[in-house]
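Survey of secondary and tertiary structure
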Amino acid sequence: MTASALIQAFTQHFDAAPTLLVRAPGRLNLIGEHTDYNEGLVLPGAIMQAVSFGLRLNGTDKIRLRALDFDKSYEVAVADIKPLEHGHWANYQLGVVAGLLRRGAEVPGFDCAFGGDIPSGAGLSSSAAVECGVAWGLNEMLGLGIDKMALAHIAQKAEHEYAGVMCGLMDQFASVFGRAGHVVRLDCRSLDYAYFPLDTTTCRLVLCNSGVKHSLADSEYNKRREECAEGVRILAKKNPAIKSLRDATLSEIEAAKEEMGDVIERRCRYVVEENARVEALTQHLEAGHPLQEVGELIYASHNGLRDDYQVSCPELDVLVELAHEAPGAYGARMMGGGFGGCTINLVDSAEVDNFIAFMTKGYQDRLGLELETYVTTLADGVGELTA
Ligand code: GLA
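First, a word on scope: everything that follows refers to the structure included in this document. (Residues numbered from 1 in each chain as written. Predicted model: local features only at pLDDT ≥ 70, side-chain atom pairs only at ≥ 80, totals over all residues. Heavy atoms only, no water.)

**Thoughts on the layout of surface pockets**
- What the largest pocket holds in volume is close to 1100 Å³.
- Per-element tally for the lining of the largest pocket: the top contributor is helix H3 (residues 126-142), with four residues.
- Split into classes, the residues belonging to the lining of the largest pocket amount to 20 nonpolar, 21 polar and nine charged. (1 Å grid on protein atoms, 1.4 Å probe; cavity = no way out; pocket = protein on both sides within 12 Å on 5 of 7 lines; lining within 4 Å. Points joined across faces, edges and corners; volume = space filled by probe spheres on them. Helix = DSSP H or I, 4+ residues; strand = E, 2+ residues; numbered from the N terminus. Nonpolar A, V, L, I, M, F, W, Y, C, P; charged D, E, K, R; others polar.)

See the structure below:
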């Protein structure tokens, strides 16, 4: 959404102009899926698709929200905020305000109109963008001086407590810390991070939207988290130094196989293997190895997510199968929580059009479904929206 369109819509609705405009991006993740809440490694980046916000203090005790994309409003006194019913769009904003209040911040009434171009339910973290945009915007507007990592944590907590998804830190981290042209590796235990340039003259990142909205995702997501925690409990009996799956080795998992049973063992093995793939992939990027090697790791990640972590779905699997045959594809996998949403595809820049044509036809032929694709670029994290 352009700054002028946002100012116009805001002013029309609230009868006053916004005093701050914010842009908060969605995210992609090159590799490192379902590792964040296991204290592991992830390699996300912020994308050009974003949510934009107009904000101003309104001189009352009320928060007034306006969702421009779906024409809905919500109003509540700051003192009265609490989680709304599951799935309510205002939960993300309210959860952030609750987090700021908990830190002792004084939050007066404010107006907020927002809208953007991150397709919802596509696994591109539109919800994290909403949380991070509001967190960053209020921090700026109120001069709270909260650092960026703490803002990402406040946004993550909003997801836990107001949206009911026990997510890791990846999405909010990426929306806050993204850097144009780079992916960023986050160590979710130490919170150390490092940027890696992705040379988009040789390859592009193409997202293929399965069109399946990940409705199952919330409950299955929380279940995966519990399964991993159960794995850690079993592993820690033999080795108390194991506090998370980050500490476990494949041989320790193998040795605990019997007590774990097939399902838990698969979940644990996947996480340990995925962490190793993140390490390997960043080494390839650093060393400038051929993109085929990067792509192999991305394909392997999908196999693990499909077979061992079991968070894929038939449509995503078809998209990855098609990518194996598609012109210019180096690697493809499902991305994000799973059960729908997008695949991420690493594609030779010169072949992007052919790749998209092949995928679109293949998805139609195999499943009778229309494919939406986005050739995305890596963008900066949350910040002021300028004209
Ligand atoms: C969702 C969560 C993230 C992460 C991914 C899976 O996007 O919000 O924290 O766990 O799923 O990697």
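**Some points on the pattern of salt bridges**
- The tally for this structure, following the rule as stated, stands at 24 salt bridges.
- When the shortest N-O distance is used, the salt bridge between Asp 365 and Lys 361 registers 2.6 Å. Taken together, the residues span about one helical turn, with Asp 365 and Lys 361 both in helix H11 (residues 352-367) at a distance of four residues. The same class applies to Asp 365 as to Lys 361, namely exposed. (Salt bridge = Lys/Arg side-chain N within 4 Å of Asp/Glu carboxyl O. Buried < 20%, exposed > 50% of the residue type's maximum accessible area, 1.4 Å probe, protein only.)

**A few points about the side chain of Thr 376**
- Locating Thr 376 in the fold gives a position in strand S12 (residues 372-376).
- At 3.0 Å, the side chain of Thr 376 forms a polar contact with the side chain of Gln 49.
- Other than its neighbours up to four places away in sequence, Thr 376 contacts Leu 28, Ile 47, Met 48, Gln 49, Arg 204, Leu 205 and Leu 207. (Polar contact = N/O pair within 3.5 Å; in protein donor to acceptor, adjacent residues only side chain to side chain. Contact = heavy atoms within 4.5 Å.)

**Re the sheet that holds strand S8 (residues 193-197)**
- The strand order across the open sheet built from three strands is S2-S7-S8, with neighbouring strands paired in antiparallel fashion. Edge positions in the sheet fall to strand S2 (41-42) and S8, since each has one partner strand and no second.
- The pairing of strand S7 (residues 182-187) with S8 spans five bridges and is classified as antiparallel. Looking across to S8, one finds that Leu 186 is bridged to Tyr 193. (Pairing = 2+ DSSP bridges.)

None of this, on its own, says anything about what the molecule does.
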